[in-house]
Amino acid sequence: MNQTTGPLLVYPMIRKNEMIGPSIKIKGYLSRYRTMEDWMNLFNQKWKTFEDRKAQFDLKMILSPGQQIFCFI
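Since the structure is predicted, the reported quantities are computational estimates derived from the model, not experimental observations. In this numbering scheme, every chain counts its residues from 1 along its sequence in written order. With the structure being a predicted model, the display of local features is reserved for residues of pLDDT at least 70 and the display and counting of side-chain atom pairs for 80 or more, all residues being used for whole-chain, interface and lining totals. Remark: hydrogens and water are excluded; side-chain values derive from all non-hydrogen atoms of the structure.

## Some details on the packing of helix α2 (residues 36-43) against helix α3 (residues 47-57)
(1) Moving on: Fitting a line to C-alpha atoms yields each axis, with helices limited to the stretch in contact; the angle taken between N-to-C directions then spans 0 to 180 degrees. In this text, helices come from DSSP runs of H or I with a minimum length of four residues, and strands from runs of E with a minimum of two, each type numbered from the N-terminal end. For the pair α2 and α3, the least separation of the axes is 8 Å and the interaxial angle reads 115 degrees. Together, Met36, Trp39, Met40 and Phe43 of α2 and Trp47, Phe50 and Glu51 of α3 make up the contact between the two elements.
(2) Moving on: Only Asp, Glu, Lys and Arg are considered charged, only Ala, Val, Leu, Ile, Met, Phe, Trp, Tyr, Cys and Pro nonpolar, and every remaining residue, Gly among them, polar. Across the contact of α2 with α3, the residue classes tally to six nonpolar, no polar and one charged. Should any heavy atoms of two residues lie within 4.5 Å, those residues are considered in contact.

Structural data, given as structure tokens:
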């Protein structure tokens, strides 16, 4: 490992995040959209645009895999 990718770089960033973390208020939530059809209903008339942009800008299909937006991934 070199210094740009190894623990010498990562661990200081983790410690810094841990120091900052308590001051940041984070709200987590579970999405009520669980299927592709739920997402299609949410986007309604803009679904086709959303789908086209996903195909254009996420060629490797790596963004938002856990949301089940595109079930063919």
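Structure's up, so let's keep going.
## A word on the packing of aromatic side chains
(1) Moving on: In this analysis, rings of Phe, Tyr and Trp, with Trp reduced to its six-membered ring, are considered paired at centre separations within 6.5 Å, and the interplanar angle assigns stacked below 30 degrees, edge-to-face beyond 60, and tilted for intermediate values. One pass over the structure, following the stated rule, counts four aromatic pairs.
(2) Moving on: Arranged with centres 4.2 Å apart and planes meeting at 15 degrees, the rings of phenylalanine 43 and phenylalanine 50 form a pair that is stacked.
(3) Moving on: Buried residues are those whose accessible area, probed at 1.4 Å on protein chains only, stays under 20% of the maximum for their type, while exposed residues exceed 50% and partly exposed ones sit between those limits. By relative accessible area, phenylalanine 43 is classed as partly exposed at 26%.
(4) Moving on: By relative accessible area, which is 25% here, phenylalanine 50 ends up partly exposed.
(5) Moving on: Seen in terms of ring centroids, tryptophan 47 and phenylalanine 50 are 5.6 Å apart; in terms of plane orientation they differ by 45 degrees. Their pairing is tilted. One end of the pair, tryptophan 47, and the other, phenylalanine 50, are both in helix α3, three residues apart, so they sit about a helical turn from each other.
(6) Moving on: The class of tryptophan 47 is buried, set by a relative accessible area of 7%.
(7) Moving on: Clustering of aromatic rings is evident, with ring pairs tying together Trp39, Phe43, Trp47 and Phe50.

## Things to note about the nonpolar core
(1) Moving on: Counting residues in each nonpolar core, the largest one holds five residues, listed as Met36, Trp39, Trp47, Ile69 and Phe70.
(2) Moving on: With near-sequence residues (within four places) excluded, tryptophan 47 lies in contact with Met36, Trp39, Met40, Ile69 and Phe70. Within this scheme, the nonpolar core is defined by two criteria: the residues are buried Ala, Val, Leu, Ile, Met, Phe, Trp, Tyr or Cys, and they are joined through side-chain atoms within 4.5 Å.

## Here we look at unusual backbone geometry
(1) Moving on: Of note, the phi angle at asparagine 44 is positive, near 50 degrees, even though the residue is not glycine.
(2) Moving on: Summarising the element assignment, asparagine 44 is placed in the loop between α2 and α3.
(3) Moving on: Using a relative accessible area of 55% as the deciding quantity, one classes asparagine 44 as exposed.

## Observations regarding a nonpolar patch on the surface
(1) Moving on: Every patch collects residues that have over 30% relative accessible area and no salt bridge, joining them within 9 Å if they carry like charges and within 5 Å if they are nonpolar side chains (Val, Leu, Ile, Met, Phe, Trp, Tyr). What sets the accessible areas is the Shrake-Rupley method with a 1.4 Å probe; for residues, cover comes only from the shown protein chains. A side-chain nitrogen of Lys or Arg and a carboxyl oxygen of Asp or Glu constitute a salt bridge if their distance falls within 4 Å. A surface patch of nonpolar side chains, about 430 Å² in accessible area, is lined by Leu9, Val10, Tyr11, Met13 and Ile14.
(2) Moving on: By the element assignment, tyrosine 11 lies in helix α1 (residues 7-20).
(3) Moving on: We classify tyrosine 11 as partly exposed; its relative accessible area is 48%.

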